[in-house]
Amino acid sequence: MPLQRLLQAQADSSMYGLLLALSSLLAAAVAVACSYLFYLIVLWPRRNPLRRLPGPPIRAWFGNHLGAVLDPSRSPRVHEKFVKDYGRNVRIRGIFPWEERLITLDPVSLTHILKHSTIYEKPWQSRALISYMIGVGMLAAEGQMHKRQRRVATPAFSIQNMRALIPVTFQTGMELRDKWMALISGPRDVSEKEKACGGMKLDVCHWVSRATFDVIGLAGFDYNFNAIRDQSNELFMAYKDMFEIAISQQKGGLWDLVAMYIPVLNKIFPGEAQRVVKKSHEVINRVAGRLIQEKKRKIEESEKAGSTYAGKDLLSALLKANVAVDLPPDQRISDEDILNNINTFLFAGSDTSSLTVTWIIYLLARYSDVQDRLRAELLSIKPVAPLESLTQDEITSLYTVIAELPLLENVVKETLRLIPPVHSSIRVATQDDVIPASTPVELSTRGGKTEKVNSFVMPKGASVHVPIEAFNLDREVWGADGWAFNPDRWDNLPDAVKAQPGLYNNILTFSAGPRSCIGMKFSIIEIKMFLFILLTHFKFAPADPVGKANVVLTRPYVVDKHKEGSQCPLFVIPLAGEAST
């Protein structure tokens, strides 16, 4: 018995010691967390150099300005007021009370930020979410990884390779035309408004999205999703379900916000979204992974036979560029990186192009005079022979003419300016930096005074809100009608436009600097080819009132019907003599 008591006493003592150690550890963790919060909430705001910048007031301790600058229904007015009241470099409040952000509408400041992509990176929260969904492709990669991936991918997006994909966009556009014709001429209940206009009310956003998915599937890795025909393809549904999760997470509540900052919570407590993403990954890794191996085998067989594999899709181009003799072995990327970038092209390329085509058609429906002028321009170069009979060389030659049409060019540029698919983005400073400005910045000093300077300090860890839409709509730059749809402005631009940053025609839609959109040329080809086919076969007229909402991208929604999801209903009316085509 004494031995048992001794052992029990030792066990109790060990347990007490363990509990004491755990209590001490927990107390230390709480003390560290409290100290860190005290630093964030009390000390850091007093030391943060951004506090010296002018900015709008906060009416509540947990208040912020994000709703005002992210909502496209009011952001143009908000941005303009910021510039008027505070200048072109403004301090705004982020998600948390201690999070001061910079929002800049200064072209010199923004050029500096976008040029120095190794200093200003995507926030880790954004990269973690993107990586979780589609892997670490060019959208999520930073630093040397991004540089290596972009170097391998650049040849795939050469002008020569993009021209080889023109027939793909043409054939898909024709398939969409035929689908709409079949829907309009097929048996259905016809409303009075449809009888009056002679067409059919269609959700243009839905159908164009399916068409661009088909294009990116064929152009991306020579795979036909058949999304226009139906939505039963296993790989198409995997991507579609996963991308819809990305959209729903942006609209999510408190749990999604907390999980974004503490990602491990989704692993500990997986919900329906995590199960959908896991299932989608299994399909993508199996089907798309098999496609990569098949492409690699074909390339190797062609090399052994002394020839070059003729595949024109982006996957083939990526794989060939990755084994090019002039690429050092340490610069090559893995099969996983290849798959991640194909996922990235699908994610970034399908929705952006489809939304641009949708918004163009919507604006043309509202501005019928511009629609009539553009249709006349397109019909003037339409071949006499049926479009179905054109060879691939003839299709490519036709696009060469389409690409140079002045009004079409102006309409595309004006829509990309007025409604950029990406409303805004965010960058985080990875080190302290000094940002130059084109106009003096008023910094507050002790004693309530201010001083005017030509540059200011950006502290490590602080965020920059990049207001893409605001740059494109700045009425001090684009003129008094800068918020209006006016394609003719491009024939006589104000001189101030030339100072604006941007990869494409001094607009920020495709970004600028080392991280600008690598797929811009392909996107323009796709947009113009779709417009040529659709506008030479249909007229478009307004149906329901449509508004804009920033949900990952700037999407159309029927007014007062946001819960029904993104849609853009328009009356689609076959041109005279086209209904039986």
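Peer 1: So what's going on with the overall build of the protein chain? Which residues, and what values?
Peer 2: In terms of helices and strands, the protein chain carries 22 helices and 12 strands. The C-alpha radius of gyration of the protein chain comes to 27 Å, within 12% of the 25 Å expected for a compact globule of 581 residues. Along the three orthogonal principal directions, the C-alpha set of the protein chain runs to about 100 × 70 × 55 Å. Among the 581 residues that make up the protein chain, the fraction classed as buried is 50%. Within the protein chain, counting contacts between residues at least 6 apart in sequence, those at least 24 apart form 74% of the total. As presented, the protein chain carries roughly 27600 Å² of accessible surface, and 57% of it is formed by carbon and sulfur atoms.

Peer 1: Please set out unusual backbone geometry residue by residue, giving values where relevant.
Peer 2: Of note, the phi angle at Asp-222 is positive, near 55 degrees, even though the residue is not glycine. Positive phi outside glycine occurs at Asn-226, with the angle close to 55 degrees. For Asn-226, the position within the fold is in the loop between α10 (204-221) and α11 (234-250).

Peer 1: Describe in detail the sheet that holds strand β4 (residues 200-203), supporting the description with residues and values.
Peer 2: One open sheet accounts for 3 strands, arranged β4-β12-β9; its pairing is antiparallel. With partners counted over all chains shown, the strands left at the sheet margins are β4 and β9 (538-542), one partner each. Between one strand and the next, the sheet's axes are offset by a mean angle of 40 degrees, whatever the strand orientation. Bridge count between β4 and strand β12 (residues 569-574): 4 bridges; the pairing is antiparallel. Residue pairing in the sheet places Lys-201 in a bridge with Phe-571 of β12.

Peer 1: Account for the pattern of salt bridges, with residues named and values stated.
Peer 2: Counted by the stated rule, this structure contains 31 salt bridges. Of the charged contacts in the structure, one is a salt bridge between Arg-101 and Glu-99, with a shortest N-O distance of 2.9 Å. Glu-99 carries the same exposure label as Arg-101, and that label is buried. The network of salt bridges with shared partners includes Glu-414, Arg-417, Asp-481 and Arg-489.

Cut-offs used in this document
Residues numbered from 1 in each chain as written. Predicted model: local features only at pLDDT ≥ 70, side-chain atom pairs only at ≥ 80, totals over all residues. Heavy atoms only, no water. Helix = DSSP H or I, 4+ residues; strand = E, 2+ residues; numbered from the N terminus. Rg over C-alpha atoms; globule rule 2.2 N^0.38 Å. Buried < 20%, exposed > 50% of the residue type's maximum accessible area, 1.4 Å probe, protein only. Contact = heavy atoms within 4.5 Å. Areas by Shrake-Rupley, 256 points an atom, 1.4 Å probe, with all protein chains shown as cover. Pairing = 2+ DSSP bridges. Axes fitted to C-alpha atoms, helices over the stretch in contact; angles between N-to-C directions. Salt bridge = Lys/Arg side-chain N within 4 Å of Asp/Glu carboxyl O.

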